[in-house]
Amino acid sequence: PDTLTSMISLALILHDQRKYDEAEPLYRRALEGRKEVFGEEHPDTLESMNTFAIFLMVDQRKHDEAEFLFRRVLDGTKKELGAEHRITLISKHTLALVLRAQHKYDEAEALCRRTLEGRKEVLGEEHPDTFTSMNNFAIFFHGQRKYDEA
């Protein structure tokens, strides 16, 4: 486990240095290693999967693979933590972002709406995560030229 943590740390450093071709294989190896050591739905594995999916979405533009991983993270967090846990709501949020990037607007909008409702209910109207959802919802609608809804 310590070796896997070091591997992820090195991947993050390379990522920060924009050495994406070097970071990606380390992310992959660390994720596979955590699956083998801890299992698919262990919180450490899910964290690695989420970190790698964000890297794929933001820096590599590999949206299909990122979507696949985000869906697995969401399924795992729902099962392990519950549907309304803060981490599960974050997982819903990131999945909605990659769906939006893929122009899957109907599914992204529905997920954004459920995330916002969940955050309001669980965290409250004034929580920073709730504001993040509101902001992203407004950006989402603005991008679709739905200015009244934004």
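Everything below is about the structure printed above this text.
Below you will find a few notes about this structure. Computed from a predicted model, the values in this text were never measured in an experiment. (Residues numbered from 1 in each chain as written. Predicted model: local features only at pLDDT ≥ 70, side-chain atom pairs only at ≥ 80, totals over all residues. Heavy atoms only, no water.)

## Thoughts on unusual backbone geometry
Even without being a glycine, R61 presents a positive backbone phi close to 60 degrees. Considering the arrangement of structural elements, one finds R61 in the loop between α3 (43-58) and α4 (63-81). Positioned with a positive phi, H103 is a non-glycine residue whose angle comes to about 65 degrees. By secondary structure assignment, the location of H103 is in the loop between α5 (86-101) and α6 (105-123). (Helix = DSSP H or I, 4+ residues; strand = E, 2+ residues; numbered from the N terminus.)

## A word on the pattern of salt bridges
Taken as a whole and judged by the stated rule, the model has 11 salt bridges. Of the charged contacts, one joins E40 and R72 as a salt bridge, the two residues approaching to 1.9 Å between their closest N and O atoms. Remark: R72 occurs in helix α4 and E40 occurs in the loop between α2 (20-38) and α3; sequence separation between them is 32 residues. Classification of E40 as partly exposed rests on a relative accessible area of 34%. Here R113 makes a salt bridge to E109, at a shortest N to O gap of 2.9 Å. Of the two residues, R113 and E109 both sit in helix α6, 4 residues apart, roughly one turn of that helix. Overall, the relative accessible area of 34% leaves R113 in the partly exposed class. (Salt bridge = Lys/Arg side-chain N within 4 Å of Asp/Glu carboxyl O. Buried < 20%, exposed > 50% of the residue type's maximum accessible area, 1.4 Å probe, protein only.)

## A closer look at the packing of α4 against α5
At a closest axis distance of 9 Å, the pairing of α4 and α5 adopts a crossing angle of 160 degrees. When the axes of α4 and α5 are compared, the pair comes out roughly antiparallel. Crossing of α4 against α5: the hand is left-handed. Counting all contacts with α4, which are made through H63, A66, E67, F70, R71, V73, L74, T77, K78 and L81, the residues of α5 involved are I87, T88, S91, K92, T94, L95, V98, L99 and A101. (Axes fitted to C-alpha atoms, helices over the stretch in contact; angles between N-to-C directions. Parallel < 35°, antiparallel > 145°, perpendicular 65-115°, else oblique. Left-handed = near helix turned anticlockwise from the far one by under 90°. Contact = heavy atoms within 4.5 Å.)

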